[in-house]
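# Structure assessment
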Amino acid sequence: HIVATVEKGSKNYGAPLKIEHEFGSFNLMSLSAARSMPSFFNQDVDVTPTNLVNINYIYPSKMASQEFQLSSLAGSKVQWVAGLYGFYNLAKTDPLTLYGAGLGVANPDYRYARIVTKSVAAYAQATFDLGPLTRLTVGGRYTYDYRHVNGRDDLPNGPGTIKVVRGSKSWKRPTWRVVGDHH
């Protein structure tokens, strides 16, 4: 007879906000978003009546983004758009707990992890009419991405804190676009 117990739950809270305004010769748009996702997960991993290995996993996550965009008015001779975008995400285990008689001296094992992601970008694009049936679109984007990971394993009934992990990496990249369109 196999006994498996799983309990899980997640609640998502979020809100977007978009504001647009037309000025005399251009449009301004602001797009904001935020989300919070507290979640948990409990499981009897060994799926036996004996309490050998269990997981209690708490993993809250938060996200926010913001974009500001300027653009030409509809019907303008040159259609253009330019903007700035930012993104932030925090995901973590707070903690992931392994416990049960099957872990021996490592009972309980508290695992903490934190991952931070940040991204910012600036972009611009313009479309030119080159004739009644031909258009040329040129644009570019510069993006900077950053990720940081920090984690540790705490064994309070054993050697203490072990397996400390830390690391960061960033990427910078320009991208370009040139498109000819003929109908």
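For the structure itself, look to the data block above.
Enumeration over the complete set of coordinates arrives at two aromatic pairs. Seen from their ring centres, phenylalanine 23 and phenylalanine 26 are 5.1 Å apart, and the 25° between their planes marks the pair as stacked. The exposure class of phenylalanine 23 is partly exposed, given its relative accessible area of 36%. Between tyrosine 57 and tyrosine 59, the ring centres sit 4.5 Å apart and the planes meet at 35°, which makes this aromatic pair tilted. Relative accessible area serves as the criterion here: at 26%, tyrosine 57 is assigned to the partly exposed category. Its end group placed over the ring of tyrosine 112, arginine 152 keeps NZ or CZ at 4.2 Å from the ring centre.

What follows deals with the layout of surface pockets. In this structure, the largest pocket occupies an estimated 150 Å³ of space. Taken together, Lys92, Thr93, Asp94, Tyr112, Ala113, Arg114, Asn150, Gly151, Arg152, Val164 and Arg166 form the lining of the largest pocket. Mapped by element, the contributors of at least two residues to the lining of the largest pocket are strand 7 (78–99), strand 8 (109–129), strand 9 (134–155) and strand 10 (160–182). Classifying every residue of the lining of the largest pocket by side-chain character gives three nonpolar, three polar and five charged.

Another aspect to go through is the side chain of threonine 127. Take threonine 127: it is sitting in strand 8. Owing to a relative accessible area of 15%, threonine 127 belongs among the buried residues under this scheme. Within the local environment of threonine 127, its side chain forms a polar contact with the side chain of threonine 137, the two groups lying 2.9 Å apart. Beyond its immediate sequence surroundings of up to four residues, threonine 127 is in contact with Lys77, Val78, Gln79, Arg135, Leu136 and Thr137.

Turning to the pattern of salt bridges, a few remarks are in order. A complete count under the given rule lists five salt bridges for this structure. A cluster of three or more residues bridged by salt bridges with shared partners is formed by Asp109, Arg111 and Asp153.

Thresholds, definitions, all that
Residues numbered from 1 in each chain as written. Predicted model: local features only at pLDDT ≥ 70, side-chain atom pairs only at ≥ 80, totals over all residues. Heavy atoms only, no water. Phe/Tyr/Trp six-rings, centres within 6.5 Å; stacked < 30°, edge-to-face > 60°. Buried < 20%, exposed > 50% of the residue type's maximum accessible area, 1.4 Å probe, protein only. Lys NZ or Arg CZ within 6 Å of the ring centre and 35° of its normal. 1 Å grid on protein atoms, 1.4 Å probe; cavity = no way out; pocket = protein on both sides within 12 Å on 5 of 7 lines; lining within 4 Å. Points joined across faces, edges and corners; volume = space filled by probe spheres on them. Helix = DSSP H or I, 4+ residues; strand = E, 2+ residues; numbered from the N terminus. Nonpolar A, V, L, I, M, F, W, Y, C, P; charged D, E, K, R; others polar. Polar contact = N/O pair within 3.5 Å; in protein donor to acceptor, adjacent residues only side chain to side chain. Contact = heavy atoms within 4.5 Å. Salt bridge = Lys/Arg side-chain N within 4 Å of Asp/Glu carboxyl O.

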